[in-house]
Amino acid sequence: MRSAWTPEEEELLRKNYPLLSAVELGAIFPNKTSTAIRSKAKVLKLTKLKKKFYFSPEQTEDLIKIYPTTSNDDIAAKFGCTRRSVNGIASKMGLKKDPEYMLRITQKLAGALGESGKGFRFKQGNTPPNKGKKVDEFMTPEQMIQFKLHQKKKGDRPHNWLPVGSEVITDEGYVTVKLAEGMYNWEHKHRITWELHHGPIPKGYNVQFKDGNRLNCDDVKNLYLISREEQLRTENTICRYPNELRTAISYLSKLNKQIQKHETDKSRRIEQFADGNNRDAEE
C-alpha cells in the first residue's frame, strides 16, 4: 500500500529535489520508491537544476574498468550522476559494452518478456467457450444481425476487384494491365506493346517514350529500348529534353548566373560604401 506524502515530506522534497541525485533522494525518503519521488516532483512541478557533472581522473579510470560489464543505471548510481552523463562520457571516450554482457542482458530481457505474457496465453488443451455451439447459442439477436451483414459469402470479391484485361493508371502515370487473377499479375502496357512487336525485353533494358507521354503506349513507334546504364547517363540530364527546351534551359542557367553575380557585386559595393562612411565619421 502506498503511503501518502505528508506536508513535511513535500517541503523536504521541494528543497532537495532540484539539487540531489536519485540515490541521495532515496536515502532521504527510504519509504518511497524512485518512481514515487519522480511522480510527486512532477505534481509539485519541481525540476532538476541543469548542472554538468565532471568525472574526476579516478572516476574516469574506474569507469573504463566497469563500463563494459555494468549497466549505465548502476554506474550513474555509483558516481551520483545521471545516466545521460554516463552516456555522454562513454560516447566521447569510445567505450563499448562487452558483447557477452550484452548477450546476457538480451537473454534476460527476452526471458522476462516471455514470463510476463504467460498469464495471458491459452494453455495446452484449452477449450474455447463456444466450441460445439451454434452461433445463436452464444450471440445475442443484435450480434447475429451484425454478423450476417458482414459475413462473406462464397464467391464474394473485394470491392476493388477488376476483371482480367482491366487497365489502371499508376501514381507514376504508367498504364498497367491485369493479365491474370492475383496481386502480382499486372504489367506495364508499354512493355506489353513492345514485346508484341519485338519480342522479350533483354535483361537490364527499359522501354521509354519518345514524346515523354506515358499514356501514349499503344503506338510502338513512340517507344524505344534503352539500357539502364545509358538511361542513367543521358536521360536523367538535360539531354533528355528537346533541342528547343535544352536551349531555353541553357539561357536560363546563364541568366541566373548573371543575376547572382549582380547581387554579389551590389552587396560588395554596399559594404564598401558603408566602410567609407564609417571611416569618414571616425575622422
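For the structure given in this document, a descriptive report is provided here. Because the structure is predicted, anything quoted here is derived from the model rather than measured. (Residues numbered from 1 in each chain as written. Predicted model: local features only at pLDDT ≥ 70, side-chain atom pairs only at ≥ 80, totals over all residues. Heavy atoms only, no water.)

**Considering the overall build of the protein**
Secondary structure assignment for the protein yields 12 helices and five strands. Taken over 283 residues, the protein has a buried fraction of 21%. Of the contacts made within the protein by residues no fewer than 6 positions apart, 37% connect residues no fewer than 24 positions apart. Carbon and sulfur atoms make up 55% of the accessible area of the protein, which amounts to about 22900 Å² in all. (Helix = DSSP H or I, 4+ residues; strand = E, 2+ residues; numbered from the N terminus. Buried < 20%, exposed > 50% of the residue type's maximum accessible area, 1.4 Å probe, protein only. Contact = heavy atoms within 4.5 Å. Areas by Shrake-Rupley, 256 points an atom, 1.4 Å probe, with all protein chains shown as cover.)

**Points about the sheet that holds strand S1 (residues 167–169)**
With antiparallel pairing, three strands are arranged side by side in an open sheet as S1-S2-S3. The sheet terminates laterally at S1 and strand S3 (186–188), the two strands that pair on one side only. For this sheet the average axis-to-axis angle between neighbouring strands, irrespective of direction, equals 30°. Pairing geometry for S1 and strand S2 (residues 175–178), over three bridges, is antiparallel. Directly across from Ile-169, in S2, lies its bridge partner Val-175. Against the sheet, helix H10 (residues 189–198) touches S1, S2 and S3, its axis set at about 75° to S3. (Pairing = 2+ DSSP bridges. Axes fitted to C-alpha atoms, helices over the stretch in contact; angles between N-to-C directions.)

**Concerning unusual backbone geometry**
Unusually for a residue other than glycine, Lys-45 sits at a positive phi of about 60°. On the secondary structure map, Lys-45 appears in the loop between helix H3 (34–43) and helix H4 (57–66).

**Looking at the packing of helix H5 (residues 72–79) against helix H6 (residues 83–93)**
Put simply, H5 and H6 touch, their axes get as near as 8 Å, and they point 105° apart. The pairing of H5 with H6 is recorded here as roughly perpendicular in orientation. In this structure, H5 uses Asn-72, Asp-73, Ile-75 and Ala-76 to contact H6, whose residues at the interface are Arg-83, Val-86 and Asn-87. Looking at side-chain class alone, the contact of H5 with H6 contains three nonpolar, two polar and two charged residues. (Parallel < 35°, antiparallel > 145°, perpendicular 65-115°, else oblique. Nonpolar A, V, L, I, M, F, W, Y, C, P; charged D, E, K, R; others polar.)

**Here's the deal with the environment of Glu-10**
Residue position: Glu-10 is located in helix H1 (residues 7–16). Between the C-alpha atoms of Glu-10 and Ile-37, which are 27 residues apart in sequence, the distance is 10.0 Å. Excluding residues that lie within four positions of it along the chain, Glu-10 makes contacts with Trp-5, Lys-40 and Leu-44. A polar contact of 3.1 Å, which involves the side chain of Glu-10, links it to the side chain of Lys-40. (Polar contact = N/O pair within 3.5 Å; in protein donor to acceptor, adjacent residues only side chain to side chain.)

**Things to note about the pairing of S2**
Sheet faces and side chains relate simply in a regular strand, where the side chains alternate between the two faces. Judged by which residues are buried, S2 turns out to be covered on both faces: Val-175 and Val-177 on one side and Thr-176 and Lys-178 on the other are all buried. Connecting S1 to the antiparallel partner S2 that follows it, the hairpin turn spans five residues, and Gly-173 within it adopts a positive phi of roughly 95°. In this sheet, S3 lies alongside S2 in antiparallel orientation, the contact comprising three bridges. Bridge assignment links Lys-178 to a residue of S3, and that residue is Trp-186.

**Quick notes on the nonpolar core**
Of all hydrophobic cores here, the largest spans 12 residues; its members are Phe-55, Leu-63, Ile-66, Tyr-67, Ile-75, Ala-76, Phe-79, Cys-81, Val-86, Ile-89, Ala-90 and Leu-95. Of all the secondary structure elements, the ones that give two or more residues to this core are H4, H5 and H6. Each residue touching Val-86, except ones within four places of it in the same chain, is listed here: Tyr-67, Asn-72, Ile-75, Ala-76 and Cys-81. Counting nine residues, the second largest nonpolar core, distinct from the first, contains Trp-5, Tyr-17, Leu-25 and Leu-46. (Core = buried A, V, L, I, M, F, W, Y, C linked by side-chain atoms within 4.5 Å.)

**Brief notes about the environment of Arg-84**
Within the fold, Arg-84 resides in helix H6. The class of Arg-84 is exposed, set by a relative accessible area of 72%. Separated by 12 residues in sequence, Arg-84 and Asn-72 have C-alpha atoms that sit 8.8 Å apart.

**Focus: the packing of H4 against H5**
Packing of H4 against H5 leaves a shortest axis separation of 12 Å and a crossing angle of 160°. Judged by the angle between their axes, H4 and H5 are roughly antiparallel. When you trace H4 past H5, the crossing you get is right-handed. On H5, the residues that touch Gln-59, Asp-62, Leu-63 and Ile-66 of H4 are Ile-75, Lys-78 and Phe-79. Here the contact of H4 with H5 is built from residues that sort into four nonpolar, one polar and two charged. (Left-handed = near helix turned anticlockwise from the far one by under 90°.)

**As for the packing of aromatic side chains**
The description of two aromatic rings rests on the distance between their centres and on the angle between their planes. On inspection of all chains with the given rule, the structure shows three aromatic pairs. Judged by centre distance (6.3 Å) and plane angle (35°), the rings of Tyr-174 and Phe-209 are tilted. Taken together, the residues Tyr-174 in the loop between S1 and S2 and Phe-209 in strand S4 (residues 205–209) connect sequence positions 35 residues apart. Phe-209 shares its class with Tyr-174; the two are buried. The ring centre of Trp-5 lies 4.6 Å from the NZ or CZ of Lys-32, which sits over that ring. Above the face of the Tyr-67 ring, Lys-97 is positioned so that its terminal group lies 3.8 Å from the ring centre. (Phe/Tyr/Trp six-rings, centres within 6.5 Å; stacked < 30°, edge-to-face > 60°. Lys NZ or Arg CZ within 6 Å of the ring centre and 35° of its normal.)

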